[in-house]
Amino acid sequence: MSAESTSSILKNQVDLLDFVDWSGVECLNQSTSHSLANALKQGYREDEGLNLESDADEQLLIYLPFTQVIKLHSIFIKGTEDEGPKTVKLFTNREHMGFSNVNDFPPSDTAELSPDNLKGKPVVLKYVKFQNVRSLTIFVEDNQSGSEVTKIQKIVLYGTTVETTDMKGLKKIEDH
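In the annotation of an unreviewed UniProt entry, the chain is listed under the name PITH domain-containing protein and assigned to Actinidia chinensis var. chinensis. Listed in UniProt under the heading Sequence similarities (unreviewed entry), the comment for the chain reads: "Belongs to the PITHD1 family."

Asker: Explain empty space enclosed by the protein to me, please; I cannot follow it from the model alone.
Answerer: In this approach the atoms are scanned with a rolling probe the size of a water molecule, which exposes any empty space left behind. Tallying each qualifying case throughout the model produces two cavities of 30 Å³ or more. Here the largest cavity is characterised by a volume of approximately 40 Å³. Every residue along the wall of the largest cavity is listed here: Asp15, Leu16, Leu17, Val20, Leu40, Arg45, Ile155, Val156 and Leu157. The element contributing the most residues to the lining of the largest cavity is strand S9 (residues 151-161), with three residues. Of the residues assigned to the lining of the largest cavity, the class counts are seven nonpolar, no polar and two charged. As a volume, the second largest cavity reaches approximately 30 Å³. Looking at the second largest cavity, the residues that line it are Ile75, Ile77, Val88, Leu90, Ala111, Leu113 and Val123. When residues of the lining of the second largest cavity are traced back to their parent elements, those giving at least two are strand S4 (60-79) and strand S5 (87-92).

Asker: Sorry if this is basic, but what is going on with the pairing of strand S8 (residues 133-140) here?
Answerer: Across a regular strand the side chains alternate sides, sitting on one face of the sheet and then on the other. Counting buried residues in S8 gives seven out of eight residues, a clear majority hidden from the surface. Pairing of S4 with S8 involves seven bridges; the strand directions are antiparallel. Its bridge partner being in S8, Leu61 is matched across the sheet by Phe139. Relative to S8, S5 is paired through five bridges, and the arrangement is antiparallel. When the sheet's bridge partners are listed, Leu90 is paired in S8 with Ile138.

Asker: What am I meant to see in the environment of Glu26 here?
Answerer: Assignment of secondary structure puts Glu26 in strand S2 (residues 26-28). The exposure class of Glu26 is partly exposed, given its relative accessible area of 43%. Sequence-wise, Glu26 and Pro65 are 39 residues apart; in three dimensions their C-alpha atoms are separated by 9.1 Å. In contact with Glu26, other than residues within four places in its own chain, are Leu36, Leu61, Ile62 and Tyr63.

Asker: Where do I start with the side chain of Lys89 in this structure?
Answerer: Along the chain, Lys89 turns up in strand S5. On the basis of relative accessibility, which here comes to 17%, the residue Lys89 falls in the buried class. Once you skip the residues sitting within four places of it in the chain, Lys89 turns out to touch Asn103, Pro107, Asp109, Thr110, Thr137, Ile138, Phe139 and Glu141.

Asker: Looking at this structure, how should I read unusual backbone geometry?
Answerer: For residues other than glycine, phi is negative in most cases, and the peptide bonds are mostly trans. A positive phi angle, close to 70 degrees, is found at Asn29, a residue other than glycine. Relative to the helices and strands, Asn29 is located in the loop between S2 and helix H2 (37-40). Taking the relative accessible area as the measure of exposure, Asn29 reaches 18% and is therefore buried.

Asker: Looking at this model, I keep getting lost on the nonpolar core. Mind explaining?
Answerer: Among soluble globular proteins, nonpolar side chains are generally buried collectively. Residues Ile138 and Leu157 are the most contacted members of the largest nonpolar core, which totals 31 residues. When contributions to this core are tallied by element, the ones reaching two or more residues are H2, S4, S5, S8 and S9. The residues touching Ile138, leaving out its near neighbours within four places in the chain, are Leu60, Leu61, Ile62, Leu64, Ile75, Val88, Lys89 and Leu90.

Asker: What is the right way to look at the pattern of salt bridges in this model?
Answerer: Any two side chains of opposite charge can pair, so long as their charged atoms come close to each other. Using the criterion set out here, one finds eight salt bridges in the structure. Its salt-bridge partner being Glu46, residue Lys154 comes within 3.9 Å of it at the nearest N-O pair. Here Glu46 lies in the loop between H2 and strand S3 (52-53) and Lys154 lies in strand S9, a separation of 108 residues in the sequence. Between Glu83 and Lys151 there is a salt bridge, and its shortest N-O distance comes to 3.4 Å. On the criterion of sequence distance, the pair formed by Glu83 in the loop between S4 and S5 and Lys151 in strand S9 is long-range, its members being 68 residues apart. Judged by its relative accessible area of 22%, Lys151 falls in the partly exposed class. Beyond isolated ion pairs, a larger network of salt bridges with shared partners links Asp15, Arg45, Glu46 and Lys154.

Basis of the calculations
Residues numbered from 1 in each chain as written. Predicted model: local features only at pLDDT ≥ 70, side-chain atom pairs only at ≥ 80, totals over all residues. Heavy atoms only, no water. UniProt positions renumbered as here; feature names shortened; annotations may be inferred. 1 Å grid on protein atoms, 1.4 Å probe; cavity = no way out; pocket = protein on both sides within 12 Å on 5 of 7 lines; lining within 4 Å. Points joined across faces, edges and corners; volume = space filled by probe spheres on them. Helix = DSSP H or I, 4+ residues; strand = E, 2+ residues; numbered from the N terminus. Nonpolar A, V, L, I, M, F, W, Y, C, P; charged D, E, K, R; others polar. Buried < 20%, exposed > 50% of the residue type's maximum accessible area, 1.4 Å probe, protein only. Pairing = 2+ DSSP bridges. Contact = heavy atoms within 4.5 Å. Core = buried A, V, L, I, M, F, W, Y, C linked by side-chain atoms within 4.5 Å. Salt bridge = Lys/Arg side-chain N within 4 Å of Asp/Glu carboxyl O.

Put into structure tokens, the structure is as follows:
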């Protein structure tokens, strides 16, 4: 993680929220009254009173598929000083992960969130490992204080889309 300012980080990077495939989004161990939508969806995530909370223990496992291939540059996770996430592991293009097998795979990147990160400083990722991302799994391993509940107020993913060829738009060339 580098010490770049937020403005230089966000240059040419966009909020990737519009490219999330909401039909496939999952969050394991979320509280039913404090779900992922509170931290991820536009409008909800700006409301200080709403947050995502873990249920049975401090861990959360979030699966975010995208509608097109993206390049992920940085991630911003806002949380409280004591119940905000601490160790966050990111996995690219891994479907059907659960708490039982999350440690079977090496993460694409691991972030130890500082109080500065939880207040607004994005975490710059190992960009080369996030070039052709079709889905992202976020594993919140623990929180700042070691308490039973993790609270996330906001999640923002910064990056760009990958320009791909629209195969439906191509026409077959007939042999003459």
